[in-house]
Amino acid sequence: MQLRPRIIPTLLLSKNTLVKTINFKDPSYIGDPINTLRIFNELEADELILLDIRASIEGRVPNFDLLDKISKECFMPLAYGGGLKNIEEVRKIFKIGFEKIIINSSSYTNPSLIKQIAEEFGSQSLIIAIDYKKDFLRRNKTYYLSGTEKIGQDVLDWCLEMESLGAGEIMLTCIDAEGTWNGLPLDFISEIDNKINIPLIAHGGTAKAEDIEDLFSNSKVSAVALGNMVIYQKEGMGVLVNMPNREKIDKDYLKRLDSSA
Amino acid sequence: MNIAIIDYGMGNLGSIKNMLSYLGKESEITRNKDFILSADKIILPGVGSFDAAMTNLINLDLKSVLEEAVRHKKIHTLGICLGMQLLTRSSEEGNMDGLGFIPSTTRKFNFDQPDIKVPHMGWNYVDVKNTSNIARDLPDDSRFYFVHSYYVEVDSQENSLFKTNYSINFDSGIYKENIYGVQFHPEKSHKFGMKILSNFINI
């Protein structure tokens, strides 16, 4: 028996407000983080990811006060990423009551931090975010600093490297798909997932419940991270905080398990 | 009411305190002997490894304090996650003796199927074996957030409170007299976990 797949709202912070980007650019205002998170708490989301997309670029520390307020009201597993440079900042996030840390830029600039976090807090508390784009030869290469700078590792190599340093999960984001409503790059996600041993969170492009059903019925990916789908009513429409209906997603998933058993 | 959340340097204690505050109950994150011994309720949390946790409890002189509080003063005590595993005699994760408050042992998940990942991480269900205590009035289909690589096995079924299936059936909740343990994180399990914590503080 496997666990039901996780559906994880992923919210982007810019300073003190929530925004939503397209291809990591053009942030639009979504709303107040506390109010929005309160709604996801009421909707009993499986987990929640919060990313401060400006912290690393601005060389700023996380907004600890805001995270503290969130942790006092949200009773689900919470993950934070953005601007984390050293173990002291990481300790502070855990102390506030978050149980997962997401590292992107520092995984390239300070890989020893990965090992340090895994040793002190366990791999289960560490997600490595890998953002990628195709180069002119159509090869998927890594980017950092919220997608603004190319760092150029091969995605699979980097996943395996992070796994060996102690990462507990990989959050894989296709920069070209993020915020587009164009669907997940399913083949590539599945290819990576088959080659790593730790859970993969697929992020970027999911537009409708069928995309999630496809992901979970055609791959062993354990989680999907959602942006547009959970904060907008529909493509081209206004903000509406919502969660996709799980019933059919779970049913399809169980059907696949039965047929593969 | 005095609620002591034992601080022995393992894991995030803030989220338990946060949920208790939400329930209108103040609590202390503490390693103070007098506070613990005069508490109405004790919560033993924990994330990390078994031996590191036992070493910390011993070095901070908390092992003997807990023995007195739990065995002699009969203070209601709830172990969470690693805190539950510490209530057992021993763990396959380490070599040190556990607190041994509930006749049980902690074992390692060992699966042949590559599909069954360890840690067991995510939401899962429980089969309630006794609804008279902290499991009172749990909503149907209650689900809880789990993260663990080791699981507890009771010696005798009379000490099993919850069973959970993850390829095998294991004891996701245990109890004996004034002592309770849950493998999942009630403080991260929405209204379901809140019900467990609220039952515990109202025993």
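Criteria and thresholds
Residues numbered from 1 in each chain as written. Chains lettered and ligands numbered in written order. Predicted model: local features only at pLDDT ≥ 70, side-chain atom pairs only at ≥ 80, totals over all residues. Helix = DSSP H or I, 4+ residues; strand = E, 2+ residues; numbered from the N terminus. Rg over C-alpha atoms; globule rule 2.2 N^0.38 Å. Buried ≥ 20, exposed ≤ 12 C-beta atoms within 10 Å, placed from the backbone. Contact = placed C-beta atoms within 7 Å. Axes fitted to C-alpha atoms, helices over the stretch in contact; angles between N-to-C directions. Parallel < 35°, antiparallel > 145°, perpendicular 65-115°, else oblique. Left-handed = near helix turned anticlockwise from the far one by under 90°. Nonpolar A, V, L, I, M, F, W, Y, C, P; charged D, E, K, R; others polar. pLDDT = per-residue confidence, 0-100. Pairing = 2+ DSSP bridges. Core = buried A, V, L, I, M, F, W, Y, C linked by C-beta atoms within 7 Å. Arc of directions from axis to C-beta.

With respect to the overall build of chain A
Thinking step 1. A tally of helices and strands in chain A yields eleven helices and twelve strands.
Thinking step 2. Relative to the 2.2 N^0.38 estimate, which gives 18 Å for 261 residues, the radius of gyration of chain A is 17 Å and therefore close to what a compact globule would have.
Thinking step 3. Overall, chain A is about 45 × 40 × 40 Å in size when its C-alpha atoms are taken along their principal axes.
Thinking step 4. The buried share of chain A, taken over its 261 residues, is 49%.
Thinking step 5. A sequence separation of at least 24 residues applies to 66% of the contacts in chain A between residues at least 6 apart.

Observations concerning the overall build of chain B
Thinking step 1. For chain B, the helix and strand inventory stands at six helices and twelve strands.
Thinking step 2. Relative to a compact globule of 203 residues, whose C-alpha radius of gyration would be 17 Å, chain B shows 16 Å and is just as compact.
Thinking step 3. With respect to the principal axes defined by its C-alpha atoms, chain B has extents near 50 × 40 × 30 Å.
Thinking step 4. In chain B, which comprises 203 residues, the proportion classed as buried is 50%.
Thinking step 5. For chain B, the proportion of contacts with a sequence separation of at least 24, taken over those separated by at least 6, is 68%.

A few points about the environment of B:Phe146
Residues and elements named next belong to chain B.
Thinking step 1. As for its placement among the helices and strands, Phe146 is situated in strand β8 (residues 143-148).
Thinking step 2. A residue is classified by how many C-beta atoms lie within 10 Å of it, and Phe146, with 24 of them, is buried.
Thinking step 3. Placed 136 residues apart in sequence, Phe146 and Met10 show a C-alpha to C-alpha distance of 17 Å.

A few points about the packing of helix α1 (residues 33-42) of chain A against helix α3 (residues 64-71) of chain A
Residues and elements named next belong to chain A.
Thinking step 1. Running from N to C, α1 and α3 cross one another at 30 degrees; their axes reach a closest spacing of 10 Å. Viewed along their axes, α1 and α3 adopt a mutual orientation that is roughly parallel. You can see that α1 and α3 cross each other, and the crossing is right-handed. Contact with α1, carried on its side by Pro33, Ile34 and Leu37, involves Leu66, Lys69 and Ile70 of α3 and no other residues of that element.
Thinking step 2. Among the residues forming the contact of α1 with α3, the class breakdown is five nonpolar, no polar and one charged.

A word on the interface of chain B and chain A
Thinking step 1. Listed per partner, the contact involves 27 residues of chain B and 21 residues of chain A.
Thinking step 2. Those elements that provide at least two residues to the side of chain B that touches chain A are α1 (14-22), β6 (120-125), β8, β10 (160-166) and α6 (190-201) of chain B.
Thinking step 3. Ranked by the residues each element gives to the side of chain B that touches chain A, the list is headed by α1(B), at five residues.

Describing the confidence of the model for chain A
Thinking step 1. Mean pLDDT over chain A: 93, with 97% of residues reaching 70 or higher.
Thinking step 2. When pLDDT is averaged over each helix and strand of chain A, the minimum, 73, is found for helix α11 (residues 246-260) of chain A and the maximum, 98, for strand β4 (residues 48-52) of chain A.

What to know about the pairing of strand β3 (residues 41-44) of chain B
All names here are of chain B.
Thinking step 1. The side-chain alternation of β3 yields two buried faces, one formed by Lys41 and Ile43 and the other by Ile42 and Leu44.
Thinking step 2. Note that strand β1 (residues 3-6) and β3 share three bridges and pair parallel. Across the sheet, residue Ile5 finds its bridge partner in β3, namely Ile43.
Thinking step 3. Note that β3 and strand β4 (residues 76-80) share four bridges and pair parallel. By the bridge assignment for β4, Leu44 is matched with Gly79.

Remarks on the nonpolar core
A general feature of soluble globular proteins is that nonpolar side chains tend to end up buried together.
All names here are of chain A.
Thinking step 1. Among the nonpolar cores identified, the biggest contains 138 residues, and Leu48, Ile102, Ile170 and Ala202 are the most heavily contacted of them.
Thinking step 2. Looking at which element gives the most residues to this core, the answer is strand β7 (residues 126-134), with six residues.
Thinking step 3. For Ala202, the residues in contact, after removing those within four places along its chain, are Leu172, Leu184, Ile189, Leu215, Val221, Val224 and Ala225.

Topic: unusual backbone geometry
Residue and element names in this part refer to chain B.
Thinking step 1. Backbone torsion omega between Val118 and Pro119 reads 5 degrees, so that peptide bond is classified as cis.
Thinking step 2. Backbone geometry at Asp61 places phi at a positive 65 degrees, although glycine is not the residue there.
Thinking step 3. When you line up the elements, Asp61 lands in the loop between α3 (50-59) and α4 (62-72).
Thinking step 4. Take Asp61: there are 10 C-beta atoms within 10 Å of it, and that puts it in the exposed class.
Thinking step 5. Residue Lys74 is not a glycine yet carries a positive backbone phi of 55 degrees.

Re helix α6 (residues 112-121) of chain A
All names here are of chain A.
Thinking step 1. Along α6, the residues that are buried comprise Leu113, Ile114, Ile117 and Phe121. For α6, the arc enclosing every buried residue in end-on projection is 105 degrees, short of the 170-degree limit, so these residues lie on one face. Along α6, the residues that are exposed and aim more than 90 degrees away from the buried face are Ser112 and Glu119.
Thinking step 2. Turning to α6, the residues buried within the fold contact α4 (87-96), β6 (100-103), α5 (105-109), β7 and α7 (155-165).
Thinking step 3. Two residues or fewer after α6 comes Gly122, characterised by a positive phi angle close to 90 degrees.

Observations regarding the packing of α4(A) against α6(A)
Residue and element names in this part refer to chain A.
Thinking step 1. Between α4 and α6, whose axes approach to 10 Å, the crossing angle comes to 40 degrees. Relative to α6, the element α4 lies oblique. Classified by chirality, the crossing of α6 by α4 is right-handed. Counting all contacts with α4, which are made through Ile87, Val90 and Phe94, the residues of α6 involved are Leu113, Gln116, Ile117, Glu120 and Phe121.
Thinking step 2. Looking at the contact of α4 with α6 residue by residue, the classes come out as six nonpolar, one polar and one charged.

A short note on α4(A)
In an α-helix, one turn spans 3.6 residues; hence positions three or four apart end up facing the same way.
Thinking step 1. Those residues of α4(A) that fall on the buried side of the exposure criterion are A:Val90, A:Ile93, A:Phe94 and A:Ile96. Relative to the axis of α4(A), the buried residues are bounded by an arc of 160 degrees and lie together on one face.
Thinking step 2. Contacts from the buried residues of α4(A) go to α3, β5 (78-81), β6 and α6 of chain A together with α1 of chain B.
Thinking step 3. The first or second residue beyond α4(A) is A:Gly97, which carries a positive phi of 120 degrees.

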